[in-house]
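The primary structure of each chain is shown beneath.
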Amino acid sequence: MSTERRAPLDRHRVADTALRLLNEVGLDGLTLRAIAKELDVKAPALYWHFKDKQALLDEMASEMYRRMAAGAEPDPADTWQERLLKTNRGLRAALLGYRDGAKVFSGTRFTGIDHAPALEANLRLLTDSGFTLAQAVDAGRTANSFTIGFVVEEQGMRPFRGEGEVQERMRRVDVGERARRMAGFPLAAAAGELLFDDYDRQFEEGLAVVIAGIGARYGTGGPADRHTG
């Protein structure tokens, strides 16, 4: 009989294991049974810590946020445009670090208040810049929703590291073939080169449009263009 002591099963260990397994099997393959097997426990043991898979996803998203925020302090010299840029660039980078990361993050609720300091600082910056609290909330939510939605699409089109050549071929869009099939619609055909390539450029341009729109909507714009490079 082995005398090796295993780490006690707790919420953190389950979530950490689930995030590692997520990168191997994706969200569709991430079952409580698979996680239990990885932890070498029976599936019912997980229900002591999570009542269902959604509760586990909430904890996984919370752990993703904790890792993203670790050591990151907002710059008090930021303009509100710079803060939205930095926050959403960081969110995209964090979500891309996990297979189906945006799908896990979407629709979940944080299980603690780890996000409260950054949220408070961001809302304070926006309200100090002339936003009402409602406008500040709407601005942050709109930029956040753009980022999560963008990464959902991006991850649907690009293989996660290690998925393999077959999966990459399945996801890749043949822009030339698409253009040939849509030859009767020249603008739509030409748009393929912009729709399915250079996701970094797409994200930066989209986020710049969102931030410029926020400034135009609430009359708190200014030289936003100098902060979107």
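Residues numbered from 1 in each chain as written. Predicted model: local features only at pLDDT ≥ 70, side-chain atom pairs only at ≥ 80, totals over all residues. Heavy atoms only, no water.

As for the confidence of the model for the chain
Looking at the chain, pLDDT values average 88 and 88% of them are 70 or higher. For the chain, helix H8 (residues 165-171) is the element with the lowest average pLDDT, namely 49, and helix H12 (residues 199-218) is the one with the highest, namely 97. Low pLDDT (under 50) marks residues 222-229, which in the prediction has 12 contacts with non-local residues, meaning those over four places away or in another chain. (pLDDT = per-residue confidence, 0-100. Helix = DSSP H or I, 4+ residues; strand = E, 2+ residues; numbered from the N terminus. Contact = heavy atoms within 4.5 Å.)

Re unusual backbone geometry
The backbone phi angle of Asp40 is positive, close to 60°, even though this residue is not glycine. Note on placement: Asp40 falls in the loop between helix H2 (32-39) and helix H3 (53-69). One non-glycine residue, Asp100, lies in positive phi territory at about 60°. With respect to the helices, strands and loops of the structure, Asp100 is situated in the loop between helix H4 (80-96) and helix H5 (101-105).

Regarding the nonpolar core
Ranked by internal contacts, the top residues of the largest apolar core, which has 28 residues, are Leu22, Ile35, Leu56, Met60, Leu95 and Phe105. Counting only elements with at least two residues in this core, the list comes to helix H1 (11-29), H2, H3, H4, H5 and helix H7 (133-157). Sorting elements by how many residues they give to this core places H3 first, with 7 residues. In this structure, Ala136, Ala143, Leu207 and Val210 belong to the second largest nonpolar core, which totals 17 residues. (Core = buried A, V, L, I, M, F, W, Y, C linked by side-chain atoms within 4.5 Å. Buried < 20%, exposed > 50% of the residue type's maximum accessible area, 1.4 Å probe, protein only.)

Thoughts on the UniProt feature "DNA-binding region" (unreviewed entry) in the chain
Within this numbering scheme, the UniProt entry marks residues 31-50 as carrying the feature "DNA-binding region" (unreviewed entry). Between the end C-alpha atoms of residues 31-50 there is a gap of 13 Å, over a span that is 40% helix and 0% strand. (UniProt positions renumbered as here; feature names shortened; annotations may be inferred.)

Notes on the pattern of salt bridges
Inspection of every chain in the model, using the stated rule, returns 17 salt bridges. We note a salt bridge from Asp78 to Lys86, for which the minimum N-O separation is 2.6 Å. In this structure, Asp138 and Arg141 form a salt bridge, with 2.1 Å as the shortest nitrogen-oxygen distance. Of the two residues, Asp138 and Arg141 are both situated in helix H7; the distance of 3 residues between them amounts to about one turn of the helix. Among the residues examined, Arg141 registers a relative accessible area of 48% and is labelled partly exposed. Bridged by salt links that share partners, the residues Arg11, Asp16, Arg20, Glu59, Glu63, Arg66, Arg67 and Asp114 form one connected network. (Salt bridge = Lys/Arg side-chain N within 4 Å of Asp/Glu carboxyl O.)

Re the packing of aromatic side chains
Across all of its chains, the model carries 8 aromatic pairs by this definition. Between Phe146 and Phe203 the ring centres are 5.7 Å apart and the planes differ by 20°, which places this aromatic pair in the stacked class. In this pair, Phe146 sits in helix H7 while Phe203 sits in helix H12, placing the two residues 57 residues apart along the sequence. Residue Phe203 is classed as buried on the basis of its relative accessible area, which comes to 1%. Measuring from centroid to centroid gives 6.5 Å for Phe150 and Tyr199, while their planes differ by 75°, and the two rings are edge-to-face. A residue pair is termed long-range when its members are at least 10 positions apart, and Phe150 in helix H7 and Tyr199 in helix H12 qualify at 49 residues. (Phe/Tyr/Trp six-rings, centres within 6.5 Å; stacked < 30°, edge-to-face > 60°.)

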